[in-house]
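As a plain string of letters, each chain reads:
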Amino acid sequence: MMNELFTIGPVTIYGYGLMIAIGAVAALLVTEYRLKKAGLQYDFVYTLTVFALLGGMIGAKLLYLIVELPQVMKDPSMILNFGSGFVVYGGIIGGVIAGYIFAKIKKLSFWRYMDYVMPSIILAQGFGRIGCFLAGCCYGKETDSIFGIVFHDSPHAPSGVKLVPTQLMFSAWDFLCFFLLVWIQNKKIFKKEGNVAALYFLFYGIGRFILEFFRADDRGTVGFLSTSQFISIFIVLLGMTILALGKFRKEIVTNEEGETNEEV
């Protein structure tokens, strides 16, 4: 695959960074559109995005440093390298915490807005995984399947070997979850705030746990599980807990036109 897409003077555009940027913009625009359509306050979305991105980057970097602690002890300069070395789950956790802080500052209903933000998050992740594909990171195990892919000049994946396209499998799952979550929310299947967000944790955690079995890149482990699989167990439990505690949260109230009211 080709991570260096093109160069303009001293600036090189990389596929991984470009897909991350496309994902962030798509998530922002989709969230704004859906909030506006639901009749909810949406003018803060750009500020929230900055909060979430900063929280996500910090969380992703911190979890990476924790996972790679032995290497960090040998080479402390890894702490200052913000060009690489991030863990998706750390980004999710950091972004959610930042969103919670933002909601408290703005006196917004955290769970109500989480239901609109989380589908957009998994949309962004789908684009991000395409970036992984272009860069060759997060690659899969060797395979003789007709669906296998071969990298020829990747700094991460082994060259000349047919591999399971785990990056595209992750991306396809993320996009599927996005459309499923939006459909569930549009159909108003759940009556309590936060349940769509809970399904995000369930869907993503289950998908991530299964697809991790097909990966072959170097990453942290906890026993016989990868670090991400280990965290996935708690992410799924978190989603189940949010669903179980839904009876203690506000009901979603809509007006006669089917729009969600700002006040409950």
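Residues numbered from 1 in each chain as written. Predicted model: local features only at pLDDT ≥ 70, side-chain atom pairs only at ≥ 80, totals over all residues. Heavy atoms only, no water.

A. Examining the pattern of salt bridges more closely. Considering all chains together, one arrives at 4 salt bridges under this definition. A salt bridge links E193 to R112, with the shortest nitrogen-to-oxygen separation between them at 2.8 Å. With E193 in the loop between α6 (166–186) and α7 (195–211) and R112 in helix α5 (residues 110–135), the pair connects residues that are 81 residues apart, well separated along the chain. In this structure E193 comes out as buried when scored by relative accessible area, which is 3%. (Salt bridge = Lys/Arg side-chain N within 4 Å of Asp/Glu carboxyl O. Helix = DSSP H or I, 4+ residues; strand = E, 2+ residues; numbered from the N terminus. Buried < 20%, exposed > 50% of the residue type's maximum accessible area, 1.4 Å probe, protein only.)

B. Seen up close, the nonpolar core. Of all hydrophobic cores here, the largest spans 44 residues; its most connected members are Y89, Y200 and F201. For this core, the secondary-structure elements that each account for two or more residues are α1 (15–37), α2 (45–67), α4 (88–106), α5, α6, α7 and α8 (227–244). Not counting chain neighbours up to four residues away, the residues in contact with Y200 comprise I92, M118, I121, I122, Q125, L181 and G205. In this structure, Y139, I149, A157 and L163 belong to the second largest nonpolar core, which totals 6 residues. (Core = buried A, V, L, I, M, F, W, Y, C linked by side-chain atoms within 4.5 Å. Contact = heavy atoms within 4.5 Å.)

C. Representation of unusual backbone geometry in the model. Look at C138: it is not a glycine, yet its phi comes out positive at around 55°. Along the polypeptide, C138 turns up in the loop between α5 and β3 (149–150). With a phi close to 55°, K188 is a non-glycine residue in the positive phi region. Position of K188 among the secondary structure elements: in the loop between α6 and α7. A relative accessible area of 35% means that K188 is categorised as partly exposed.

D. Highlighting the packing of aromatic side chains. Under the criterion given, the structure shown has 13 aromatic pairs. Taken together through their ring pairs, the aromatic side chains of F44, F51, F102 and Y113 make up a single cluster. R129 extends its terminal NZ or CZ atom over the ring of F170, reaching a point 4.4 Å from the ring centre. Of note, R249 hangs over the ring of W111, and the distance from its end group to the ring centre comes to 5.1 Å. (Phe/Tyr/Trp six-rings, centres within 6.5 Å; stacked < 30°, edge-to-face > 60°. Lys NZ or Arg CZ within 6 Å of the ring centre and 35° of its normal.)

E. Main features of the packing of α7 against α8. For the pair α7 and α8, the least separation of the axes is 8 Å and the interaxial angle reads 155°. Taken together, α7 and α8 sit at an angle that is classed as roughly antiparallel. As α7 runs across α8, the sense of the crossing is left-handed. When α7 is examined against α8, the residues N195, A198, L199, F201, L202, G205, I206, R208 and F209 are found in contact with a partner set consisting of S228, Q229, S232, I233, I235, V236, L238, G239, M240, I242 and L243. Classifying every residue of the contact of α7 with α8 gives 13 nonpolar, 6 polar and 1 charged. (Axes fitted to C-alpha atoms, helices over the stretch in contact; angles between N-to-C directions. Parallel < 35°, antiparallel > 145°, perpendicular 65-115°, else oblique. Left-handed = near helix turned anticlockwise from the far one by under 90°. Nonpolar A, V, L, I, M, F, W, Y, C, P; charged D, E, K, R; others polar.)

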